[in-house]
Amino acid sequence: MIDLSHVTAWVFDMDDTLYPREQGLMALVQARINAYVVEAVGLDPDSARVLQRQFLDEHGTTLAGLMANYTIDADHFLHEVHDVPMDSLEPNPRLAEQLKRLPGRRFVFTNGARDYAHRVLARLGIADCFDGVFAIEDGDLTPKPAPSAYRRMIERFGFEPRSAVMFEDTPRNLEAAKALGMATVLIGDGHGKPIGDHVDHMAPDLLDFLTALTFEEAAA
């Protein structure tokens, strides 16, 4: 039985967590990131993809890797790579219902840009389900999995980590959350990455996981 009876702060990653990966939005963002790296660094597309994967592994985001190694305009990067159509996203009123059932406060914690995050939440029809959104700009461009990003997010929203749970599709992004005392839920298969004991629960689909929670189990 999943016991989240202690939780009063519910923290959600956004991309590939609040909506299924199969809807393909991140593939569009990924394509624009690759094109940006090709242009900014002067590599062919295949080499740019290799460099981007290296940046993700070493820095958490392509932007952080670019900033550490090249001179770029971060605002321009964020605008360019997130300027994608939302047509592939399906509004999810059932998810909105389940989010609003959760006792306590609900937050989004994303490495995406602020404007993009609000566009995604609006398209899904869940913008009014959250008490706050912490985007990459709010952490001064320091992304997950850097522990400092989590501490700034927690300070911004003012909750006790041991009374919180975090939902993520990337296993390593749950490590810092667990170290700070949060319960952790991995949504999806982990993208083939190692899944350690810092993951408390796993679920193929967020909506199914939330639907299975009872008010008794999720009561404050």
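Residues numbered from 1 in each chain as written. Predicted model: local features only at pLDDT ≥ 70, side-chain atom pairs only at ≥ 80, totals over all residues. Heavy atoms only, no water.

A. Region of the structure containing the layout of surface pockets. Quantified by volume, the largest pocket comes out at close to 1,100 Å³. Taken together, 43 residues form the lining of the largest pocket, with Met26, Gln30, Leu56, Gly60 and Thr170 sitting closest to its centre. Broken down by element, the lining of the largest pocket gets its largest block of residues, seven residues, from helix H1 (residues 25-41). Class assignment of the residues belonging to the lining of the largest pocket gives a composition of 14 nonpolar, 16 polar and 13 charged. Of the volumes computed, that of the second largest pocket is approximately 240 Å³. Contributing to the lining of the second largest pocket are 17 residues, with Tyr19, Pro20, Arg21, Pro204 and Asp205 lying nearest its centre. Split into classes, the residues belonging to the lining of the second largest pocket amount to eight nonpolar, three polar and six charged. (1 Å grid on protein atoms, 1.4 Å probe; cavity = no way out; pocket = protein on both sides within 12 Å on 5 of 7 lines; lining within 4 Å. Points joined across faces, edges and corners; volume = space filled by probe spheres on them. Helix = DSSP H or I, 4+ residues; strand = E, 2+ residues; numbered from the N terminus. Nonpolar A, V, L, I, M, F, W, Y, C, P; charged D, E, K, R; others polar.)

B. Region of the structure containing the pairing of strand S5 (residues 183-187). Counting buried residues along S5, five of its five residues qualify, which places the element largely inside the surrounding structure. Burial along S5 is two-sided: Ala183, Val185 and Ile187 facing one way and Thr184 and Leu186 facing the other are all buried. Across four bridges, the pairing between strand S4 (residues 164-168) and S5 is parallel. The partner of Glu168 across the bridge, within S5, is Leu186. (Buried < 20%, exposed > 50% of the residue type's maximum accessible area, 1.4 Å probe, protein only. Pairing = 2+ DSSP bridges.)

C. Layout of the sheet that holds strand S3 (residues 132-134). Reading across the sheet, the six strands line up as S3-S2-S1-S4-S5-S6 and stay open at both edges, with parallel pairing between neighbours. The strands lining the two open edges of the sheet, one partner per strand, are S3 and strand S6 (201-203). Here the average twist between neighbouring strands, direction ignored, is 20 degrees. (Axes fitted to C-alpha atoms, helices over the stretch in contact; angles between N-to-C directions.)

D. Examining the packing of H1 against helix H4 (residues 74-82) more closely. In the contact formed by H1 and H4, the axes pass within 8 Å of each other and the chain directions differ by 135 degrees. Classified by the angle their axes make, H1 and H4 are oblique. Counting all contacts with H1, which are made through Val29, Arg32, Ile33 and Tyr36, the residues of H4 involved are His76, Phe77, Glu80, Val81 and His82. (Parallel < 35°, antiparallel > 145°, perpendicular 65-115°, else oblique. Contact = heavy atoms within 4.5 Å.)

E. Focus on the environment of Leu210. Inspection of the secondary structure assignment puts Leu210 in helix H9 (residues 206-212). Relative accessible area serves as the criterion here: at 0%, Leu210 is assigned to the buried category. With residues near it in sequence (within four places) discarded, Leu210 still touches Phe12, Leu95, Gln98, Leu99, Arg101, Leu102 and Phe167.

F. Molecular detail of the nonpolar core. Phe12, Leu18, Tyr116, Ile126, Phe167 and Leu210 are the most contacted members of the largest nonpolar core, which has 52 residues in total. Within the second largest apolar cluster, 19 residues are counted, among which are Phe107, Ala164, Leu174 and Val199. (Core = buried A, V, L, I, M, F, W, Y, C linked by side-chain atoms within 4.5 Å.)

G. Region of the structure containing the pairing of strand S2 (residues 105-109). The buried count for S2 comes to four of five residues, which makes it a mostly enclosed element. Where strand S1 (residues 9-12) and S2 come together, four bridges link them in parallel fashion. Following the sheet pairing, Ala9 is matched in S2 by Arg105.

H. Main features of the side chain of Asp13. In this fold, Asp13 is placed in the loop between S1 and H1. Among the residues examined, Asp13 registers a relative accessible area of 7% and is labelled buried. One polar contact links Asp13 to Thr17, side chain to side chain, over a distance of 2.8 Å. A distance of 2.9 Å separates the side chain of Asp13 from the side chain of Lys144, its partner in a polar contact. Leave out the neighbours within four places in its chain, and Asp13 touches Leu18, Phe109, Thr110, Lys144, Phe167, Glu168 and Asp169. (Polar contact = N/O pair within 3.5 Å; in protein donor to acceptor, adjacent residues only side chain to side chain.)

I. Layout of the packing of helix H2 (residues 45-59) against helix H3 (residues 62-69). Two elements in contact, H2 and H3, have axes separated by 7 Å at closest approach and are oriented at 95 degrees. In this view, H2 runs roughly perpendicular relative to H3, as classed from their interaxial angle. Across from Gln52, Phe55, Leu56 and His59 in H2, the residues of H3 making contact are Thr62, Ala64, Gly65, Leu66, Ala68 and Asn69.

J. Geometry of the pattern of salt bridges. Following the criterion strictly, the structure yields ten salt bridges and no others. With its nearest N and O atoms 2.7 Å apart, the salt bridge here joins Asp189 to Arg21. Residue Asp189 is found in the loop between S5 and S6, and its partner Arg21 is found in the loop between S1 and H1; the two are separated by 168 residues along the sequence. The class for Asp189 is partly exposed, based on a relative accessible area of 49%. Accessibility expressed as a relative area gives 36% for Arg21, which makes it partly exposed. (Salt bridge = Lys/Arg side-chain N within 4 Å of Asp/Glu carboxyl O.)

Geometry only, nothing functional implied.
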